[in-house]
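Commentary on secondary and tertiary structure
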Amino acid sequence: VFLSWSPAPASRGAWYSLLSTCQNAGAALVPLLVSFFVSRYSWRAALYAPAAVCTVAAATLGALLYGSPAAYARRHGNDDEGGADRKQPQLPRGLARMLANQVLLNRALWLMALNYFCISLLRTSLSDWSTVFLREAKGLSMHTAARCLFTLETGGFAGSLVAGAVS
């Protein structure tokens, strides 16, 4: 889907970095929202509020997003009139072999996957346990600990944008 919306190889890094900032933006806002709902209402509210926001966001995205520029053009009537006799795209022969060689047996891809796993493990551990550590070991309030996590994720947000600009 990403490649169909960003076909120019020269700009893919910048667009992908912008796309990947969503994870940092969400992770930056979560500690602030959770600490607000826990201190203001209860821990249950801290679970229900993000669930409600995600449900509304998923419904909105499901209604408004398109899988490809062609799907957008068909929906808005910008497609050519010859759609009825157009051939469906055919999968190339040897697709299974190509997937096996380029994905399953690709050592570089597996190394990147291992790297991503380690980074995700570290990031999730920091995200999940930092608030507890800062509250119990350092004596910070929940709001101050949440702001520390917000700062951490904001740095990731900026770093992602810089990486995209450099690429």
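Residues numbered from 1 in each chain as written. Predicted model: local features only at pLDDT ≥ 70, side-chain atom pairs only at ≥ 80, totals over all residues. Heavy atoms only, no water.

A look at the confidence of the model for the chain
The predicted model of the chain has a mean per-residue pLDDT of 83, with 90% of residues at 70 or higher. Mean pLDDT per element in the chain: helix α1 (residues 2–5) is the minimum at 73, and helix α3 (residues 43–64) is the maximum at 90. (pLDDT = per-residue confidence, 0-100. Helix = DSSP H or I, 4+ residues; strand = E, 2+ residues; numbered from the N terminus.)

Section: helix α2 (residues 12–40)
In this model α2 runs 43 Å from its N-terminal to its C-terminal C-alpha over 29 residues, within 8% of the 42 Å that 1.5 Å per residue would give. A bend of about 25 degrees at valine 30 is the largest found in α2, and the proline proline 31 appears one to four places after it. Among the residues making up α2, those that are buried are Ser17, Thr21, Asn24, Ala27, Ala28, Pro31 and Ser35. Buried residues belonging to α2 abut α6 (107–136) and α7 (142–166). (Expected span 1.5 Å × (residues − 1). Bend = angle between axes of the 7 residues up to and from the residue. Buried < 20%, exposed > 50% of the residue type's maximum accessible area, 1.4 Å probe, protein only. Contact = heavy atoms within 4.5 Å.)

Observations concerning the pattern of salt bridges
Applying the stated criterion across every chain, the model contains 1 salt bridge. The closest approach of N and O atoms between glutamate 153 and arginine 123, which form a salt bridge, is 2.9 Å. Pair noted here: glutamate 153 is in helix α7 and arginine 123 is in helix α6, with a separation of 30 residues, a long-range link. The buried category is assigned to glutamate 153, whose relative accessible area is 5%. For arginine 123, a relative accessible area of 27% translates into the label partly exposed. (Salt bridge = Lys/Arg side-chain N within 4 Å of Asp/Glu carboxyl O.)

Things to note about a nonpolar patch on the surface
Taken together, the side chains of Met98, Leu99, Val103, Leu104, Leu105, Leu109, Trp110 and Met112 define a hydrophobic patch exposed on the protein surface, amounting to about 780 Å² of accessible area. Those elements that place two or more of their residues in the nonpolar patch are α5 (95–104) and α6. At 4 residues, the largest contribution of residues to the nonpolar patch is made by α5. Within the secondary structure layout, leucine 105 lies in the loop between α5 and α6. (Patch = residues over 30% accessible without salt bridge, like charges linked within 9 Å, V, L, I, M, F, W, Y side chains within 5 Å. Areas by Shrake-Rupley, 256 points an atom, 1.4 Å probe, with all protein chains shown as cover.)

Topic: α6
Here α6 contains 30 residues, and its C-alpha end-to-end distance of 43 Å stays within 8% of the 44 Å for a straight helix at 1.5 Å per residue. The backbone nitrogen of alanine 108 lies 3.1 Å from a side-chain oxygen of the residue at the head of α6, namely asparagine 106. (Polar contact = N/O pair within 3.5 Å; in protein donor to acceptor, adjacent residues only side chain to side chain.)

A few points about the layout of surface pockets
Over the atoms a probe the size of a water molecule is rolled, and this reveals where empty space is left. In this structure, the largest pocket occupies an estimated 520 Å³ of space. Every residue lining the largest pocket is counted, 18 residues in all, and those nearest its centre are Ser20, Gln23, Asn24, Tyr116 and Ile119. Listed by contribution, the elements that provide at least two residues to the lining of the largest pocket are α2, α6 and α7. The greatest single-element share of the lining of the largest pocket, amounting to 7 residues, is contributed by α6. Residue composition of the lining of the largest pocket, grouped by class: 7 nonpolar, 9 polar and 2 charged. (1 Å grid on protein atoms, 1.4 Å probe; cavity = no way out; pocket = protein on both sides within 12 Å on 5 of 7 lines; lining within 4 Å. Points joined across faces, edges and corners; volume = space filled by probe spheres on them. Nonpolar A, V, L, I, M, F, W, Y, C, P; charged D, E, K, R; others polar.)

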